[in-house]
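Letter by letter, the chains look like this.
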Amino acid sequence: MPNSLLSPARLGSLELPNRVVMAPMTRSMAGEGLVPTEATALYYARRAAAGLILTEATIIRPDGQGYPDTPGIYTPEQVRGWQAVTKAVHDAGGRIFLQLWHVGRVSHPHFLNGDLPVAPSAVALSGRVSRTDDLQYGTPRALTSDEVSRLVEDFATATRNAREAGFDGVEIHGANGYLIDQFLHQQTNLRDDEWGGSPENMARFAVSVVDAVTAAWEPGRVGIRLSPGGYFNIEGDPKDAAVFEYLLARLDERDLAYVHTGIFDDSMTFEELGGATATEFLRSHYKGTLIACGSYTPETAAAALANEKFDLVAIGRPFIANPDLIDHIRSSADLVPYDAAMLTTLE
Ligand code: FNR
C-alpha cells in the first residue's frame, strides 16, 4: 500500500510532493548580528526533500530574543543571510517557510541590553533561562496599548523581509507560551483594555497579527502555530478554550495555508480542552488544513493521516537525526534514533 505520508498535498498557494513537514527547531547557531550562516543553509538544504521546511523560530525585532544566538529577520544582513538559505533549499528542490517569533516574557535583561522583557501583563515566569548557566526568569513589563499596535506592524515588516529573503511563506509562532500565546491564555493576560478581558479581546492580538501578515503577503502563504493547551512556559485555565474557539472561528474565515499544532507530545490530553489532545481540539474547531506535530513516528503519523485526524504531519527531532528522512520513509528503513547530543552540531 502506498504510504499516505508520501502523497502530494496542496498547502495554501503551494503544491507539496509529500505530507511530511520539517518542524521548526531552534538551533542557537546564528552568527554575528544574529545572521544565519552558510552551515545553516547546508543544514536546511540537506532536508529539502521534506514536503515543507519550517525554519527555526526567528525573531522579528531585538526585544523578541530569549535564547542565545537565535537568528533575526529585521536587518539587511539577516535578510541577505536568509537569501543564501532559501537559495540553497530551492536549488535542492525544496520549499521553506520562515517562522516569525517574539518570545514576550520568556526572556531576560541579559538578552535585552538590561531592559525588562515585554509581555501582555506583568506576570512572572519562574525557572532557569534555557541554554544559559544560571540566569533566572523574572517579571516582565506590561506593554502599553500603543506598543501592542506597534508589534502588530513589526510582524508585517518581518513578513515583507521574509518575502525579500526568498521564502515561500511564513509561519506565525503563536504557540509554546511565547508572546502571541501569552495574549491567548488567562494566566498571562490580565489586561482590561481592548487586548484582554474577553475571548474577543484576548484573541485580538493574534487576529491583528494574522491580518497584518496576510496584508503583507497572500493568506495562502501564511500559517499559524497554536498551543490551545498550556504546557510549556504557561499554565492552562478552564477559560482558555473559549478564547481558542473564538480565534479558530476567525481563522476559518481567513483562508490561511494552515494551522499547526505546537506541542512536544501529541498524546497529551488537556482537562481545560474537555479531555482532548491539542490536535483533536484544533481539528474540532478549525475546518482548514491542519498540520499535527509532537512525537509522531512515520508509522503513527501515517495511521492518523489515514484516519483523517489531520492533513499533514510535522516531524522534528527525527529530522535532526535523519536528514534523509523522506528516503527512509520511502524504503521503510530504520531511523537513526535522536539524541540531544546531536544539537551541538548543524549536520
Ligand atoms: C523545538 N520546537 C520548536 N517549536 C517551534 O515552534 N519553534 C522552535 O523554534 C522550536 N524549537 C525547538 C528546538 C528543539 C531542539 C526541539 C527538540 C523542539 C518544538 C518542535 O517544533 C516540535 O513541536 C517538537 O520537537 C515535537 O516534535 P518531534 O520532535 O517529537 O517530532
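Below or above, wherever it landed, is the structure these notes cover. Source: prediction; values computed, not measured.

1. Looking at the overall build of the protein
So, step 1. Helices and strands together make up the secondary structure of the protein, namely ten helices and 14 strands.
So, step 2. Its C-alpha atoms give the protein a radius of gyration of 19 Å, near enough to 20 Å, the size a compact globule of 347 residues would have.
So, step 3. Across its three principal directions, the C-alpha atoms of the protein cover 55 × 45 × 40 Å.
So, step 4. A separation of at least 24 residues holds for 71% of the contacts in the protein among residues at least 6 apart in sequence.
So, step 5. Of the roughly 13,600 Å² of accessible surface on the protein, a fraction of 50% belongs to carbon and sulfur atoms.
So, step 6. The protein carries 28 positive and 45 negative side-chain charges, and their two centres are separated by 4 Å.

2. Quick look at helix α7 (residues 278–285)
So, step 1. Taken together, the buried positions of α7 are A278, T279, F281 and L282. Projected down its long axis, α7 shows its buried positions confined to an angular sector of 160 degrees, all on one face.

3. Things to note about the packing of helix α5 (residues 199–216) against helix α6 (residues 240–252)
Relative placement of two packed helices is described by the angle separating their axes and the distance separating the axes.
So, step 1. Remark: α5 packs on α6, axes separated minimally by 9 Å, with the N-to-C direction vectors making an angle of 40 degrees. Every pair of crossing elements has a handedness; the one defined by α5 and α6 is right-handed. Across the interface between the two elements, P199, E200, M202, A203, A206, V207 and V210 from α5 touch A242, V243, Y246, L247, R250 and L251 from α6.
So, step 2. Looking at the contact of α5 with α6 residue by residue, the class counts come to eleven nonpolar, no polar and two charged.

4. A closer look at the environment of Y137
So, step 1. Residue position: Y137 is located in the loop between β6 (118–119) and β7 (141–142).
So, step 2. For the pair Y137 and S208, spaced 71 residues apart in the sequence, the C-alpha separation amounts to 28 Å.
So, step 3. Not counting chain neighbours up to four residues away, the residues in contact with Y137 comprise Y67, R105, V106, S107, L125, S126, G127, R128, V129 and S130.

5. Quick notes on the layout of surface pockets
So, step 1. Within this model, the largest pocket holds a volume of roughly 690 Å³.
So, step 2. At the level of secondary structure, the elements contributing two or more residues to the lining of the largest pocket comprise β5 (96–101), β14 (312–315) and α9 (317–321).
So, step 3. Examining the composition of the lining of the largest pocket, we find that three residues originate from one element, α9, more than from any other.
So, step 4. Of the residues that constitute the lining of the largest pocket, the class distribution is 20 nonpolar, nine polar and four charged.
So, step 5. The calculated volume of the second largest pocket comes to roughly 260 Å³.
So, step 6. In this structure, the second largest pocket is lined by 14 residues; those nearest its centre are D266, T277, Y296, K309 and F310.
So, step 7. Put simply, the parts of the chain that give the lining of the second largest pocket at least two residues each are α7 and α8 (298–306).
So, step 8. Examining the composition of the lining of the second largest pocket, we find that three residues originate from one element, α7, more than from any other.
So, step 9. When the residues that make up the lining of the second largest pocket are grouped by side-chain class, the tally is three nonpolar, six polar and five charged.

6. Thoughts on the packing of aromatic side chains
So, step 1. Tallied over the entire structure, the rule returns 14 aromatic pairs.
So, step 2. Sitting over the ring of Y246, R250 keeps its end group 4.7 Å from the ring centre.

7. Digging into the site of the ligand
So, step 1. The immediate surroundings of the ligand are formed by 19 residues, with T26, R225, S295, G316 and R317 found nearest.
So, step 2. The contact in question runs from a nitrogen atom of the ligand to an N or O atom on the side chain of Q99, over 2.9 Å.
So, step 3. Contacts to the ligand include I263, whose backbone N or O atom sits 2.9 Å from an oxygen atom.
So, step 4. Expressed as a share of its isolated accessible area of 610 Å², the protein-covered part of the ligand is 93%.
So, step 5. Put simply, the ligand lies in the largest pocket.
So, step 6. For the shell around the ligand, the class distribution of residues is ten nonpolar, seven polar and two charged.

8. Let's talk about the sheet that holds strand β9 (residues 222–226)
Strands in a sheet are paired, the pairing made by backbone hydrogen bonds, and the direction either parallel or antiparallel.
So, step 1. Pairing within the closed barrel is parallel, and its eight strands lie in the order β3-β4-β5-β8-β9-β10-β13-β14. Strand after strand, the sheet turns through a mean of 25 degrees between neighbouring axes, direction not considered.
So, step 2. Of the pairings in the sheet, the one linking strand β8 (residues 169–174) to β9 comprises five bridges and is parallel in character. Bridge pairing in β9 places E171 opposite G223.

9. Some points on the pattern of salt bridges
Should their charged atoms come close, side chains of opposite charge can pair.
So, step 1. With the rule as written, the count across this model stands at 15 salt bridges.
So, step 2. Among the ionic pairs, R10 bridges to E15, the shortest N-O distance being 2.9 Å.
So, step 3. For the salt bridge of E253 with R250, the shortest nitrogen-to-oxygen distance reads 2.8 Å.
So, step 4. Note on E253: relative accessible area 52%, which makes it exposed.
So, step 5. What you see here is one network of salt bridges that share partners, running through R61, D63, R150 and D154.

10. Things to note about the environment of I329
So, step 1. Along the chain, I329 turns up in helix α10 (residues 325–331).
So, step 2. As for I329 and Y178, which are separated by 151 residues in sequence, their C-alpha atoms are 33 Å apart.
So, step 3. Beyond its immediate stretch of four places on either side in the chain, I329 contacts N3, L5, L6, V20 and P298.

About the criteria used
- Note on numbering: residues in each chain are counted from 1, in written sequence order.
- Reporting in this predicted model follows two pLDDT cut-offs: at least 70 for local features of residues, and 80 or more for side-chain atom pairs to be given and counted; totals over whole chains, interfaces and linings ignore these cut-offs and use all residues.
- No hydrogens and no water enter the side-chain calculation; it runs on all heavy atoms of the structure.
- Strands are runs of DSSP state E lasting at least 2 residues, helices are runs of H or I lasting at least 4, and numbering of each runs from the N terminus.
- Values of the radius of gyration come from C-alpha atoms, whereas the globule rule sets the reference at 2.2 Å times the count of residues to the power 0.38.
- In what follows, a contact means two residues having at least one pair of non-hydrogen atoms within 4.5 Å.
- Calculation of accessible area relied on Shrake-Rupley with a 1.4 Å probe; when residues are assessed, cover is drawn exclusively from the protein chains displayed.
- The charged-residue count follows a simple rule in which Lys and Arg add positive charge and Asp and Glu add negative charge, with His and chain termini not counted at all.
- To locate a charge, take NZ of a lysine, CZ of an arginine, CG of an aspartate or CD of a glutamate.
- Relative accessibility under 20% of the residue-type maximum defines a buried residue, over 50% an exposed one, and the middle range a partly exposed one, all with a 1.4 Å probe and only protein chains included.
- Think of it as the arc spanned by the lines of direction from the helix axis to the C-beta atoms.
- Only the stretch in contact is used when fitting a helix axis, every axis being a line fitted to C-alpha atoms; angles between N-to-C directions are given from 0 to 180 degrees.
- Take the far helix as your reference; a near helix turned counterclockwise from it by less than a right angle gives a left-handed crossing, and one turned clockwise gives a right-handed crossing.
- For this classification, the nonpolar set comprises Ala, Val, Leu, Ile, Met, Phe, Trp, Tyr, Cys and Pro, the charged set comprises Asp, Glu, Lys and Arg, and every other residue, Gly included, is treated as polar.
- Definitions used throughout: a 1 Å grid over protein atoms alone; a cavity as a set of points that fits a 1.4 Å probe which cannot get out; a pocket as an open set with protein on both sides within 12 Å along at least five of seven lines; a lining residue as one with an atom within 4 Å of a point.
- Grid points are joined across faces, edges and corners, and a volume is the space filled by probe spheres set on the points.
- For Phe, Tyr and Trp, rings pair up if their centres lie within 6.5 Å, where Trp contributes its six-membered ring, and each pair is then called stacked (planes under 30 degrees apart), edge-to-face (over 60) or tilted (otherwise).
- To sit over a ring, a charge needs its Lys NZ or Arg CZ within 6 Å of the ring centre and within 35 degrees of the ring normal.
- Any residue with a heavy atom positioned within 4 Å of a molecule or strand is treated as near that molecule or strand.
- Polar contacts here mean pairs of N or O atoms no more than 3.5 Å apart (in protein, one a potential hydrogen donor and the other a potential acceptor; neighbouring residues in sequence count only if both atoms are side-chain atoms).
- Pocket or cavity membership: a molecule qualifies when more than half of its atoms sit within 2 Å of the grid points of that site.
- Any two strands with at least two DSSP bridges between them are considered paired.
- Any carboxyl oxygen of Asp or Glu that lies within 4 Å of a side-chain nitrogen of Lys or Arg is treated as forming a salt bridge with it.

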